[in-house]
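Secondary and tertiary structure notes
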Amino acid sequence: MFEPDFVTSDTHDIVICACQAMMEDDSGLCGYYMRIENNSNDKIQLLSKNFNITDDQGNRYFDFGFGFKGELPELNPGEYFEFENVAPAFAGSAVLYGSCRIVKEKNNQVEDIALPALELFSNQTKHFILN
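Described below are features of the structure shown in this document. (Residues numbered from 1 in each chain as written. Predicted model: local features only at pLDDT ≥ 70, side-chain atom pairs only at ≥ 80, totals over all residues. Heavy atoms only, no water.)

1. Section: the packing of aromatic side chains
The full count for this structure, using the stated rule, is five aromatic pairs. With 6.2 Å between their ring centres and 90 degrees between their planes, F6 and Y33 make a pair best called edge-to-face. Of this pair, F6 sits in the segment before strand 1 (7–11) while Y33 sits in strand 3 (residues 29–38), placing them 27 residues apart in sequence. Site record: aromatic cluster; members linked through ring pairs are F68, F81 and F83. Over the ring of Y80 we find R35, and its NZ or CZ is 3.4 Å from the ring centre. Note that K49 overlies the ring of F68, its terminal NZ or CZ placed 5.5 Å from the centroid. (Phe/Tyr/Trp six-rings, centres within 6.5 Å; stacked < 30°, edge-to-face > 60°. Helix = DSSP H or I, 4+ residues; strand = E, 2+ residues; numbered from the N terminus. Lys NZ or Arg CZ within 6 Å of the ring centre and 35° of its normal.)

See below:
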């Protein structure tokens, strides 16, 4: 049975938890799950992401842009946003890292929140472009 290993980062009371998600098919993609929690005293909005993926052969891929799966979530203190996505399958393993950009409502302050580095593993040797 697949048991995901969670990694966590905490930047100014914004907590990001991530793990590899099991794919139901043999598509050649690695799935991942993220949960972004607002443990601060301010309402925040998630603006954009800047994810980098580097495989065990030194190839780099990027997933950046506004929103998360078409959403710009607003999180009150104590709320969280969860999403899943897929990354290319590599010749064995890769590391997903980067940041997400938020804005705090009280003072309109923009911050980059670091993602925890997440290892992705695959039995596939194909390369795909991020969705």
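Next comes the rest of the write-up.
2. With respect to the nonpolar core
Core analysis: the biggest nonpolar cluster contains 24 residues, and Y32 and M34 have the highest contact counts within it. Contributing elements (two or more residues each) for this core: strand 2 (14–21), strand 3, strand 4 (44–55), strand 7 (80–88), strand 8 (93–104) and strand 10 (118–121). (Core = buried A, V, L, I, M, F, W, Y, C linked by side-chain atoms within 4.5 Å. Buried < 20%, exposed > 50% of the residue type's maximum accessible area, 1.4 Å probe, protein only.)

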